[in-house]
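Residue-level listing of the chains:
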Amino acid sequence: MGVLDHIWLGVVAVFTADPIFTLAGLPFSTTIMMVVLGFLGGIVVGATPGLGGPFAMAISLPILISIFGFEPDALLPVLGFLVGIMKGSTVGGAVPAILFNTPGTPDSLMTTLDGYPLTKKGKPGKALRIAHFSSVSGDTFSDIVLITCAPFLAILVEKFLDFPEKAALIILSLAFVSAVVGRNVWKGMAAALLGMFFAYIGTGEDGYPRLSLGTDGLAEGLPLISAVLGVLIIGEVFKALEDMWHEMREKSVITNIKMKGDQKLHFSDIRRIFPFISISAGIGTMIGALPGIGSTLAATLGYATGRKVYKGDTPFGEGAPEGVAATEAANSAVAGANLIPVLSLGIPGNVSAVFIILATESIGGFNPGPQVFSLVPDQINQEMVYAFGLFTTMIFANGLNWTFGGVFMRSMGVMVRVPKQRLLPIVLLLTLTAIYVQQTSMFAIYITLFFGLLGYLMRKLKISVLPFVIAFILANNLEEAMRQAFAVTGSDPWFLLASPISVVFIALSIVVVVFFARNQKDLG
Amino acid sequence: MQNEKWTVGLAVFLVIAAAATLFIWIPNDIETGVVETFRRRVTIGDAMAPTMVAAALLVVSILMGVTAYFGGRQQKHAAKAGLDKQSFTFLLRLTIAVGLGLGLMVYTGPVIVDIINSFGGEIGTYRHLKAAFPYKYLGYVLGGFFMVFGLIRVVENRFSASAAWASIIAVLVLTILYDVPFENLLLPPNGDH
């Protein structure tokens, strides 16, 4: 079976498997419905200040697994929903930024700089249309790069990297994420090491589960979902509640702005903003492909580069449509590209990718990594079918975004009225319930709250949580790769330096840490 | 100076934790060594990965502490890090709201069943009733309500009827969301009984 057969099977799996109903003779599959629901939900969540894609992914994942179960058939509907949320929340995030000067997520902060002045000038409709067009363009470009690059990169990895090189590559990725994310390299590294250490509790090959203190609760290991959702979501909820408690909630007055003049997006507008979209889409895609560097930096760099090349009358920061375009194209272009390290290397680079990994780990049948794209003569590689199914859902979600996304997005201004201080306690209960129904143990809730407290403390001490989460996920893969590498090199203690490629990876790890330690600055 | 103090304090804590893990926890709580020899074949033992991580954490924490102590003066404009008195007050209130909610969630059902039994109801144990209406909802609804309402109360610093209604509706919606469509799902704490 060739690559084209696998692509076709992936497309067929998305569009025809498990149809819910038929419309004009065309089957409407479960996966397609889940992409649509995820996409619409993602826009709503993105448009709600204080929430964002990761929140929605975290809450929905256990519910989705409850609905679809743990069989591989569940993969595409669940991944389709998560992809929908990822895409929807990216465009939805611009709504409160443009209409109310309230960035729903850090990525949208730069959108407020020109988006809100455009609203004040009576052009909110035009600003939203520009944001939508730029966001979808950047996202589409990024997806094209993902679909064309990830398989080739995976094939190269599978061909040239053996166990020692794979272990060295994981070390390089962890070093890169620790060094680049956050304000302090040493804090980033400490977070990653702590994440690895917690992952080793209750695991191992010996009959006695290591570091379990003789307790039954720890003997099974710390549940991945408790650790990830605890640090990422519960920690963020605690921190956000404290911030609101400090502020005693500002009385946000929603001003009704009257629209003045032409609100449509014309071809002349597109021609004007297109160079900025192109530059920012390139920047966002490059940044997205590197593990650990998020869309906030992409938005900042896209905006800064746009300002440098801009020669228009309205300065950036005073309502220049090009400013909105540069920011939105850059932060949206991160979305697709950040799946490149996941699918080609099995290494999650950001929070959305973490949830894709979490879904595949929970369900089984699909282990993102270089083996996904390996061809077996006369056989179907089911993992490759799922990968192309995933790409199909991304393309379909982009199609939704181009056609209906703009209209739905422009109707979401009302979400800014949702009181955050009432929403977040409900998110907390929802997350704890979702974890309980999956783990059926109060111990899992206590572990989640422990990790929530840890996530809160890390945020208070300005320690980035992303290295912790990524290290927790990769820790056992690294140990397994090291055990295998040690075995295949005949118990060579220097197995990490056994080949030129692994030497380069280890040397790069050291260079990255030393470089960023010498030039400590906030890139997060 | 607050940032550096917190970073140095964190570094000291991590150094102590890493050293204790390396020299006390790992030797006493892992049954295989760093490497294992079985029939002349040497393999990596279960202690290898945690030992390497704890050792690396020890080194990184020392570097974190040293750089924060000597380089702190250069970071005048760094964002404020650390916990203040207000943070501890908030944490205490948060713990009370969440703890009360969880306590009610875990104990309400069994305690009510015990009370009914003690008054001669003879309805059996909570374990037998964990899937029966209304017992299966008692803990989740009451505990969930107090958790959500308590946290809203903490943040808004006042009791309000609208917050109570929002909490009741949220808990009921979550109960319906999980319990009605899925027969095999158990709301907390029923899976533990």
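Residues numbered from 1 in each chain as written. Chains lettered and ligands numbered in written order. Predicted model: local features only at pLDDT ≥ 70, side-chain atom pairs only at ≥ 80, totals over all residues. Heavy atoms only, no water.

Chemist: Please clarify how the overall build of chain A should be interpreted in this entry.
Modeler: Within chain A, the regular secondary structure consists of 21 helices and two strands. Taken over C-alpha atoms, the radius of gyration comes to 23 Å for chain A, in line with the 24 Å a tight globule of 524 residues would show. Taking the principal axes of its C-alpha atoms as reference, chain A extends roughly 75 × 55 × 45 Å. Burial status across chain A gives 61% buried among its 524 residues. Of the contacts formed within chain A by residues at least 6 apart in sequence, a portion of 78% connects residues at least 24 apart. Carbon and sulfur atoms make up 66% of the accessible area of chain A, which amounts to about 19600 Å² in all. With 32 positive and 33 negative side-chain charges, chain A shows a separation of 17 Å between the mean positions of the two kinds. (Helix = DSSP H or I, 4+ residues; strand = E, 2+ residues; numbered from the N terminus. Rg over C-alpha atoms; globule rule 2.2 N^0.38 Å. Buried < 20%, exposed > 50% of the residue type's maximum accessible area, 1.4 Å probe, protein only. Contact = heavy atoms within 4.5 Å. Areas by Shrake-Rupley, 256 points an atom, 1.4 Å probe, with all protein chains shown as cover. Lys, Arg positive; Asp, Glu negative; His and termini not counted. Charge placed at Lys NZ, Arg CZ, Asp CG, Glu CD.)

Chemist: Sorry if this is basic, but what is going on with the interface of chain A and chain B here?
Modeler: Every contact between the two is made by 61 residues of chain A and, on the other side, 70 residues of chain B. Both sides together, the interface formed by chain A and chain B hides about 5900 Å², and carbon and sulfur atoms give 75% of it. At the junction of chain A with chain B, the criterion picks out two salt bridges. For E156 of chain B, the salt bridge is made with R422 of chain A, and the minimal N-O distance between the two is 3.0 Å. The tally of links between chain A and chain B comes to 25 residue pairs in polar contact (both at pLDDT 80 or more). For the side of chain A that touches chain B, the secondary-structure elements that each account for two or more residues are α3 (53-68), α9 (185-200), α11 (224-247), α18 (420-439), α19 (442-460) and α20 (466-488) of chain A. Broken down by element, the residue count for the side of chain A that touches chain B peaks at twelve residues, all from α18 of chain A. Within the side of chain A that touches chain B, the residues separate by chemical class into 39 nonpolar, eleven polar and eleven charged. (Buried area = accessible area lost by both parts, 1.4 Å probe. Salt bridge = Lys/Arg side-chain N within 4 Å of Asp/Glu carboxyl O. Polar contact = N/O pair within 3.5 Å; in protein donor to acceptor, adjacent residues only side chain to side chain. Nonpolar A, V, L, I, M, F, W, Y, C, P; charged D, E, K, R; others polar.)

Chemist: Is there a simple way to think about the pairing of strand β2 (residues 26-29) of chain A in this case?
Modeler: Strand residues, when the strand is regular, have side chains that alternate between the two faces of the sheet. Residue and element names in this part refer to chain A. As judged from the four bridges shared by strand β1 (residues 19-23) and β2, these two strands associate in the antiparallel manner. Along β2, the bridge assignment pairs F21 with F28. Between the antiparallel neighbours β1 and β2 lie two residues, among them A24 with a positive phi of about 50°. (Pairing = 2+ DSSP bridges.)

Chemist: Just checking my understanding: could you explain the packing of aromatic side chains for this structure?
Modeler: For any pair of aromatic rings, geometry is given as the distance between the ring centres together with the angle between the planes. One pass over the full model with this rule turns up 27 aromatic pairs over all chains. Centroid distance F276 of chain A to F316 of chain A: 6.4 Å. Interplanar angle 40°. Geometry classified as tilted. A residue pair is termed long-range when its members are at least 10 positions apart, and F276 of chain A in helix α12 (residues 267-289) and F316 of chain A in the loop between α13 (295-309) and α14 (321-337) qualify at 40 residues. F316 of chain A matches F276 of chain A in its accessibility class, with the two residues each being buried. Aromatic side chains F486 of chain A and F495 of chain A sit 6.0 Å apart centroid to centroid with 75° between the ring planes, which places their arrangement in the edge-to-face category. The exposure class of F486 of chain A is buried, given its relative accessible area of 6%. In this structure an aromatic cluster arises from ring pairing among F198, F450, F451, F468 and F472 of chain A. A cation over an aromatic ring shows up here: K166 of chain A above the ring of F163 of chain A, its NZ or CZ 6.0 Å from the ring centre. The ring centre of F159 of chain B lies 4.8 Å from the NZ or CZ of R153 of chain B, which sits over that ring. (Phe/Tyr/Trp six-rings, centres within 6.5 Å; stacked < 30°, edge-to-face > 60°. Lys NZ or Arg CZ within 6 Å of the ring centre and 35° of its normal.)

Chemist: I'm lost on the pattern of salt bridges in this one. Help?
Modeler: A side chain with one charge can pair with a side chain of the opposite charge if their charged atoms come near. Applying the stated criterion across every chain yields a total of 13 salt bridges over all chains. Put simply, E205, R210, E479 and R483 of chain A together with D46 of chain B are held in one network by salt bridges that share partners.

Chemist: Can you help me understand the environment of L301 of chain A in this one?
Modeler: Residues and elements named next belong to chain A. Tracing the backbone through its elements, the reader meets L301 in helix α13. In this structure L301 comes out as partly exposed when scored by relative accessible area, which is 38%. The spacing of L301 and I347 is 46 residues in sequence and 24 Å in space, taken between C-alpha atoms. Residues within four places of L301 in sequence aside, it is in contact with I283 and I287.

Chemist: Honestly, a nonpolar patch on the surface in this entry has me stumped. Any pointers?
Modeler: Residues and elements named next belong to chain B. A cluster of nonpolar side chains, W165, I168, I169, L172, V173, I176 and V180, forms an exposed patch at the surface whose accessible area comes to about 680 Å². Mapped onto the elements, W165 comes out in helix α6 (residues 161-179). Under the relative-accessibility criterion, W165 is labelled exposed at 56%. (Patch = residues over 30% accessible without salt bridge, like charges linked within 9 Å, V, L, I, M, F, W, Y side chains within 5 Å.)

Chemist: Which parts of the structure should I look at to understand the domain arrangement of chain B?
Modeler: By convention, interface size is frequently given as the accessible area that disappears when the constituent parts associate. Per the domain assignment, the segments of chain B are domain 1 (2-74) and domain 2 (85-192). For domain 1 of chain B and domain 2 of chain B, the distance between their C-alpha centroids amounts to 40 Å. (Domains from an automatic or database assignment.)

Chemist: Please clarify how the nonpolar core should be interpreted in this entry.
Modeler: If you look at soluble globular proteins, the nonpolar side chains tend to sit buried side by side. Counting residues in each nonpolar core, the largest one holds 212 residues, and the members touching the most others are M196, L241, F373, L428, F451 and F468 of chain A together with M147 of chain B. Viewed by domain, this core spans two of them, domain 1 (2-74) and domain 2 (85-192) of chain B, each represented by three or more residues. Ignoring anything within four residues of it in the chain, the contact list for F468 of chain A reads A191, A192, L194, G195, F198, V231, F451, L454 and M458 of chain A. With eight residues, the next largest nonpolar core counts A299, Y303, F316 and A320 of chain A among its residues. (Core = buried A, V, L, I, M, F, W, Y, C linked by side-chain atoms within 4.5 Å.)

Chemist: Looking at this model, I keep getting lost on the side chain of R210 of chain A. Mind explaining?
Modeler: Within the element layout of this structure, R210 of chain A appears in the loop between α9 and α10 (216-219). Take R210 of chain A: its relative accessible area is 0%, and that puts it in the buried class. In contact with R210 of chain A, not counting residues within four places along its chain, are Y200, I201, G202, T203, G204, N476, E479 and R483 of chain A together with D29, I30, D46 and P50 of chain B.

Chemist: Can you help me understand helix α2 (residues 30-46) of chain A in this one?
Modeler: One full turn of an α-helix is made of 3.6 residues, so residues set three or four places apart face in the same direction. Here α2 of chain A is 17 residues long and its end C-alpha atoms lie 24 Å apart, about the 24 Å a rise of 1.5 Å per residue gives. The complete set of buried residues in α2 of chain A reads T30, T31, I32, M34, V35, G38, F39, G42, I43, V45 and G46 of chain A. (Expected span 1.5 Å × (residues − 1).)

Chemist: I tried to follow unusual backbone geometry on my own but got confused; where do I start?
Modeler: Among all residues except glycine, the phi angle is most often negative; among peptide bonds, the trans geometry is most common. Following F133 of chain B, the chain continues to P134 of chain B via a peptide bond in cis, the omega torsion being 0°. Within the secondary structure layout, P134 of chain B lies in the loop between α4 (126-129) and α5 (135-156). Following P188 of chain B, the chain continues to P189 of chain B via a peptide bond in cis, the omega torsion being 5°. A positive phi is found at D378 of chain A, a non-glycine position, where the angle reads about 60°. Within the fold, D378 of chain A resides in the loop between α16 (351-363) and α17 (382-410). Relative accessible area serves as the criterion here: at 72%, D378 of chain A is assigned to the exposed category. Of note, T440 of chain A is a non-glycine position whose phi angle comes to about 45°, a positive value. Inspection of the secondary structure assignment puts T440 of chain A in the loop between α18 and α19. Judged by relative accessible area, T440 of chain A falls into the partly exposed class, the value being 32%.

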